[in-house]
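The chain contents come next:
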Amino acid sequence: MALRAWAPGRVNLMGDHTDYVGGLVLPMAIGLGVEITGDRGGDWLMLGSERYDGVAEIPLDDVTDPAAVEPPWARYVAAVASELQPNDGLVGMIHSSLPPGTGLGSSAALEIAVATALGADLDDPLAVAEACQRAEHRAVGVPCGIMDQLVAVSAVAGRVLRIDCDSLAIQHVPFPDDGEIVVVDSGEPRELASSAYAQRRSECEAAEQLIGPLRSATPADAETIDDPVLRRRARHVTTENDRVDALAAALAGGQLRYAGELLVASHASLRDDFDVSTAALDDLVVMLRGVPGVFGARVTGAGFGGCVVALCQPKTRLKVPVLWRGRPAAGASVTERAPASPAG
Ligand code: GLA
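Here's a quick rundown of the structure. (Residues numbered from 1 in each chain as written. Predicted model: local features only at pLDDT ≥ 70, side-chain atom pairs only at ≥ 80, totals over all residues. Heavy atoms only, no water.)

**Comments concerning the site of the ligand**
Taken together, Arg 10, Asp 16, His 17, Asp 19, Tyr 20, Cys 144, Gly 145, Met 147, Asp 148, Tyr 197, Gly 301 and Ala 302 make up the full set of residues adjacent to the ligand. One of the backbone nitrogen or oxygen atoms of His 17 is found 2.8 Å away from an oxygen atom of the ligand. Note that an oxygen atom of the ligand is positioned 2.5 Å from one of the side-chain N or O atoms of Asp 19. Compared with its free state, where it exposes 310 Å², the ligand has 93% of that area covered by protein. Per-class residue counts for the shell around the ligand are five nonpolar, three polar and four charged. (Near = heavy atom within 4 Å. Polar contact = N/O pair within 3.5 Å; in protein donor to acceptor, adjacent residues only side chain to side chain. Areas by Shrake-Rupley, 256 points an atom, 1.4 Å probe, with all protein chains shown as cover. Nonpolar A, V, L, I, M, F, W, Y, C, P; charged D, E, K, R; others polar.)

Here it is in structure tokens:
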């Protein structure tokens, strides 16, 4: 069975470093992503990559330790196969339009594209996202939350996703007709991302020991913490949760100016309280805010480099290279067709 599977990258508009404490997030899928073309069948998963050397050669009955698979990019592929235990293998090729290391959910897009190509049930997006989140933990040991995988599989064109990462309920919020999202790469690779990410996560857990679950704590609760670092971490998460609902309402109501102010407030919180911004990201946000037609901008995703997201009037002219611009895109999809019958 010849197939083409697609999974998008994502940009997060609000709610960073909130998913792993069961907080709120507001991401959307973008038009860049991972495509897998190939033929299903057999009992091996064999994938080449347009971008990386080597081949992922995974025997479906023997993927006990995905983290030991070579080449390293194939660990994501092996871990997804191990989680899904598909009946049929696949021989194919991976094509990606997502630049790696820019914080646009490229590993989640790869995982969801592999799962989709292997026949995962897209009618059960939560199960697919959870399998791919476990795969990421096993493949590379990054204790990521569920946001990236869930948006890659459940996004709807023209909508942003308000996800409650505790109940995992999703609301699709309409994106205003007179707005546009622009993604700009800072050019700074996110080298620190995995170790510093795990550190932030454990700081949030330490704050929870003091004031209870951050998903339901208030900004006032955060101020009762004596330790200045843990207080700032908790302040970010609790105020960011509030900003998710404020931004969802602002977008649904077409209040683009207020939406932009919320992005700017979130950037300050990620910079000053969560310490995940860099000088390059800060400069980019300041520069973008000065451009007519830009309502607001912030770092997006884990931070420590990567991209800035801006909310603009459509076709706003910027003086920096734009990585992607547009409206919310759709989630994962697959098209299958039977092989053409031999002539004669
Ligand atoms: C990465 C993780 C997500 C989320 C963001 C920060 O993208 O994969 O789960 O935690 O960082 O919001």
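**Digging into helix α7 (residues 228–252)**
In this model, α7 (25 residues) spans 36 Å end to end at C-alpha, consistent with the 36 Å of a helix rising 1.5 Å per residue. The residue sitting at the N-terminus of α7 and contributing the capping side-chain oxygen is Asp 227; that oxygen lies 3.0 Å from the backbone nitrogen of Val 229. Gly 254, located one to two residues past α7, shows a positive phi value of around 70 degrees. (Helix = DSSP H or I, 4+ residues; strand = E, 2+ residues; numbered from the N terminus. Expected span 1.5 Å × (residues − 1).)

**Quick notes on the sheet that holds strand β9 (residues 180–185)**
Spatially, the four strands line up as an open sheet ordered β10-β11-β9-β12, and their pairing is antiparallel. Every other strand in the sheet has two partners, leaving β10 (294–299) and β12 (324–326) as the edge strands with one partner each. Strand-to-strand twist across the sheet, computed as the mean angle between neighbouring axes with direction ignored, equals 15 degrees. In the sheet, β9 pairs with β12 via three bridges, with the strands oriented antiparallel. Bridge assignment links Val 183 to a residue of β12, and that residue is Trp 324. Across the sheet, helix α8 (residues 256–272) lies against β10 and β11 (307–312), angled at about 25 degrees from β10, the strand it touches most. (Pairing = 2+ DSSP bridges. Axes fitted to C-alpha atoms, helices over the stretch in contact; angles between N-to-C directions. Contact = heavy atoms within 4.5 Å.)

**Thoughts on the sheet that holds strand β8 (residues 170–174)**
The three strands lie next to each other as β2-β7-β8, forming an open sheet whose pairing is antiparallel. Unpaired on one side and paired on the other, β2 (24–25) and β8 mark the two borders of the sheet. Sheet topology places strand β7 (residues 159–164) next to β8; five bridges connect them, and they run antiparallel. What sits directly across from Val 160, in β8, is Val 173.

**Considerations on the nonpolar core**
In this structure, Leu 45, Ile 181 and Leu 251 are the most contacted members of the largest nonpolar core, which totals 81 residues. Ranked by size, the runner-up nonpolar core spans 34 residues in total, among them Tyr 20, Val 184, Val 299 and Cys 312. (Core = buried A, V, L, I, M, F, W, Y, C linked by side-chain atoms within 4.5 Å. Buried < 20%, exposed > 50% of the residue type's maximum accessible area, 1.4 Å probe, protein only.)

**Let's talk about the packing of aromatic side chains**
Given two aromatic rings, their pairing is described by the distance between the two centres and the angle made by the two planes. Tallied over the entire structure, the rule returns one aromatic pair. Between Tyr 20 and Tyr 197, the aromatic rings sit 5.4 Å apart at their centres with planes inclined by 75 degrees, giving edge-to-face as the arrangement. Placement of the pair is Tyr 20 in the loop between β1 (2–12) and β2 and Tyr 197 in helix α5 (residues 193–211), with a sequence separation of 177 residues. Comparing Tyr 20 with Tyr 197, the two get one shared label, buried. Stacked on the ring of Phe 274, the Lys or Arg Arg 233 has its end atom at 5.8 Å from the ring centre. (Phe/Tyr/Trp six-rings, centres within 6.5 Å; stacked < 30°, edge-to-face > 60°. Lys NZ or Arg CZ within 6 Å of the ring centre and 35° of its normal.)

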